[in-house]
Amino acid sequence: MAPQDKNTPPPLPEPLRVAVADSHTHLDMQESTVEEALAKAASVGVTTVVQVGCDLAGSRWAADTAAAHEGVHATVALHPNEAPRIVLGDPDGWSRQGARQAGGDAALDAALAGIDELAALPQVRGVGETGLDHFRTGPEGMAAQERSFRAHIEIAKRHGKALVIHDREAHDDVLRILREEGAPERVVFHCYSGDAEMAKICAAAGYFMSFAGNVTFKNAQPLRDALAVAPPELVLVETDAPFLTPAPYRGRANAPYLVPVTLRAMADVKAMTEDALATAIAANTARAFGY
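Residues numbered from 1 in each chain as written. Predicted model: local features only at pLDDT ≥ 70, side-chain atom pairs only at ≥ 80, totals over all residues. Heavy atoms only, no water.

Asker: Honestly, the overall build of the protein in this entry has me stumped. Any pointers?
Answerer: Within the protein, the secondary structure is distributed over ten helices and eight strands. Computed over C-alpha atoms, the radius of gyration of the protein comes to 18 Å, within 12% of the 19 Å expected from 2.2 N^0.38 for 291 residues, which places it in the range of a compact globule. The C-alpha extent of the protein, read off along each of the three principal axes, is 50 × 40 × 35 Å. Residues counted as buried form 55% of the 291 residues belonging to the protein. Summed over its atoms, the accessible surface of the protein is roughly 11900 Å², and 54% of this surface lies on carbon and sulfur atoms. The centroid of the 26 positive side-chain charges in the protein is displaced by 3 Å from the centroid of its 38 negative side-chain charges. (Helix = DSSP H or I, 4+ residues; strand = E, 2+ residues; numbered from the N terminus. Rg over C-alpha atoms; globule rule 2.2 N^0.38 Å. Buried < 20%, exposed > 50% of the residue type's maximum accessible area, 1.4 Å probe, protein only. Areas by Shrake-Rupley, 256 points an atom, 1.4 Å probe, with all protein chains shown as cover. Lys, Arg positive; Asp, Glu negative; His and termini not counted. Charge placed at Lys NZ, Arg CZ, Asp CG, Glu CD.)

Asker: Honestly, the packing of helix H2 (residues 56–68) against helix H4 (residues 104–119) in this entry has me stumped. Any pointers?
Answerer: For any two helices packed against each other, the geometry comes down to the angle between their axes and how far apart the axes lie. In the contact formed by H2 and H4, the axes pass within 10 Å of each other and the chain directions differ by 10°. Compared by their axis directions, H2 and H4 come out roughly parallel. Residues Leu56, Ser59, Arg60 and Ala63 of H2 touch H4, and the partners they reach there are Ala111, Gly114, Ile115 and Leu118. Across the contact of H2 with H4, the residue classes tally to five nonpolar, two polar and one charged. (Axes fitted to C-alpha atoms, helices over the stretch in contact; angles between N-to-C directions. Parallel < 35°, antiparallel > 145°, perpendicular 65-115°, else oblique. Contact = heavy atoms within 4.5 Å. Nonpolar A, V, L, I, M, F, W, Y, C, P; charged D, E, K, R; others polar.)

Asker: What should I look at first to understand the pattern of salt bridges in this one?
Answerer: Note that side chains of opposite charge can pair when their charged atoms are close. This structure, assessed with the given rule, holds 15 salt bridges. A salt bridge links arginine 150 to glutamate 180; the nearest nitrogen and oxygen atoms lie 2.7 Å apart. Highlighted residues: arginine 150 in helix H5 (residues 142–159) and glutamate 180 in helix H6 (residues 171–181), separated in sequence by 30 residues. Ionic contacts of the salt-bridge type, sharing partners, join the residues Glu146, Arg150, Asp173, Arg176, Glu180 and Glu181 into one network. (Salt bridge = Lys/Arg side-chain N within 4 Å of Asp/Glu carboxyl O.)

Asker: What is the right way to read the sheet that holds strand S6 (residues 187–189) from this model?
Answerer: Paired through backbone hydrogen bonds, the strands of a sheet run either parallel or antiparallel to each other. Strand order across the open sheet formed by eight strands is S1-S2-S3-S4-S5-S6-S7-S8, with parallel pairing between neighbours. Only two strands of the sheet have a single neighbouring strand rather than two, namely strand S1 (20–25) and strand S8 (235–237). In this sheet, neighbouring strand axes are inclined to one another by 30° on average, regardless of whether the strands run parallel or antiparallel. One ladder, built from two bridges, connects S6 with strand S7 (residues 208–211); its direction is parallel. Across the sheet, phenylalanine 189 pairs through a bridge with methionine 209, a residue of S7. (Pairing = 2+ DSSP bridges.)

Asker: Whenever I open this one, helix H7 (residues 196–205) confuses me. Can you help?
Answerer: For an α-helix, the turn length of 3.6 residues means that residues three or four places apart are oriented alike. Buried within H7 are the following residues: Ala196, Met198, Ala199 and Cys202. Relative to the axis of H7, the buried residues are bounded by an arc of 150° and lie together on one face. Summarising the contacts, the buried residues of H7 are in contact with strand S5 (162–168), H6, S6, S7 and helix H8 (221–229). Where H7 begins, the side chain of aspartate 195 points an oxygen toward the backbone nitrogen of glutamate 197, at a separation of 3.2 Å. Of the residues flanking the end of H7, it is glycine 206, one or two places downstream, whose phi is positive at about 80°. (Arc of directions from axis to C-beta. Polar contact = N/O pair within 3.5 Å; in protein donor to acceptor, adjacent residues only side chain to side chain.)

Written out as structure tokens, the structure reads:
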């Protein structure tokens, strides 16, 4: 692929015959306007998106955007990598918010209070993405991350909202904390990254598993094995756009209109027709997020 192709948006896929939802997207990190992104997605049968908050400002934006657009639902949270930044500071400022001063536990409590307030809004259908990230957060940040995760579980339960989980190289700890705290009624593992054994554990607990474009990657056989055993009534599809663009467009910017590419790959893995899987996913997403 020539380098200039990286900046060329992938072409529109063949439209789905059964409309579905993108269960996890970041419209605020994408190049196009919200209106453009939603119109492009709707043109290929992706008529609903769940806009996910990762920090207080992004969560407010998600709630406002969902209030303004019928096809958008919001989730609100402090991302697992956001909690340590609030508590310990972030002098290098690798996140899009730039450098941070350390705020300690009081700053985390204040931010969580803001998320709690947003979680009460009717257009906010979930609390997330929250969870654990052992990939990006070092041992010094684990305590803040875990405290934040436990607080989000409590917020989700109190407001009767779905819990959207970010689990990066932290499967056992995420499952343990869900057991210790008692999981909310509806739990979604966003960008599911476990293996088939973990998929069976999630299925037994009734947790939804949302698959992203990385299920199409060559080296992702363990993910496909997990998808193969995941019950059709617990499977969702997502873009996590602008990240995790499905093959053959890996390396280019992702967007909700590319859901059909991932869904068709998923249908192959599950030996289901495209329409049957789309029908299941549409119902599952509505059930997961209560819309």
